[in-house]
Amino acid sequence: MAENSKSLLLPVVAAAVFAGLGRMVFQKVRADRVARQSKVAGPVDEKTRQWISEVVRTPRP
């Protein structure tokens, strides 16, 4: 009986590891897809680009 539990330990652990990695990959793919679809920034005109550059470079008091 002890030999059976030893022989099952490695496959069970390997299955758990692969399931965890698969779940992580699935979550990453889903998060990337949601981030790509919810991108709200559109094209920026030159006036807005200059304003952003000025605001970023100006130190705050």
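Attention in this report is confined to the structure presented alongside it.

Rules behind the numbers
- Residues numbered from 1 in each chain as written.
- Predicted model: local features only at pLDDT ≥ 70, side-chain atom pairs only at ≥ 80, totals over all residues.
- Heavy atoms only, no water.
- Helix = DSSP H or I, 4+ residues; strand = E, 2+ residues; numbered from the N terminus.
- Buried < 20%, exposed > 50% of the residue type's maximum accessible area, 1.4 Å probe, protein only.
- Areas by Shrake-Rupley, 256 points an atom, 1.4 Å probe, with all protein chains shown as cover.
- Salt bridge = Lys/Arg side-chain N within 4 Å of Asp/Glu carboxyl O.
- Patch = residues over 30% accessible without salt bridge, like charges linked within 9 Å, V, L, I, M, F, W, Y side chains within 5 Å.

**A few points about the overall build of the protein chain**
(1) Moving on: When helices and strands are counted, the protein chain shows two helices and zero strands.
(2) Moving on: Here the protein chain holds 61 residues, and the buried ones make up 0% of them.
(3) Moving on: Total accessible area on the protein chain stands at roughly 6300 Å², and carbon and sulfur atoms take up 65% of it.

**Some points on the pattern of salt bridges**
(1) Moving on: Applying the stated criterion across every chain yields a total of two salt bridges.
(2) Moving on: We note a salt bridge from Asp-32 to Lys-28, for which the minimum N-O separation is 3.2 Å. Of this pair, Asp-32 and Lys-28 both sit in helix 1 (residues 2-37), separated by four residues, roughly a single helical turn.
(3) Moving on: Between Arg-49 and Glu-46 there is a salt bridge; the shortest N-O distance is 3.8 Å. Of this pair, Arg-49 and Glu-46 both sit in helix 2 (residues 46-57), three residues apart, which is roughly one turn of the helix.
(4) Moving on: Overall, the relative accessible area of 47% leaves Arg-49 in the partly exposed class.
(5) Moving on: Take Glu-46: its relative accessible area is 49%, and that puts it in the partly exposed class.

**Structural notes on a nonpolar patch on the surface**
(1) Moving on: A cluster of nonpolar side chains, Leu-9, Val-13, Val-17, Phe-18, Leu-21 and Met-24, forms an exposed patch at the surface whose accessible area comes to about 620 Å².
(2) Moving on: Mapped onto the elements of the fold, Leu-9 is located in helix 1.

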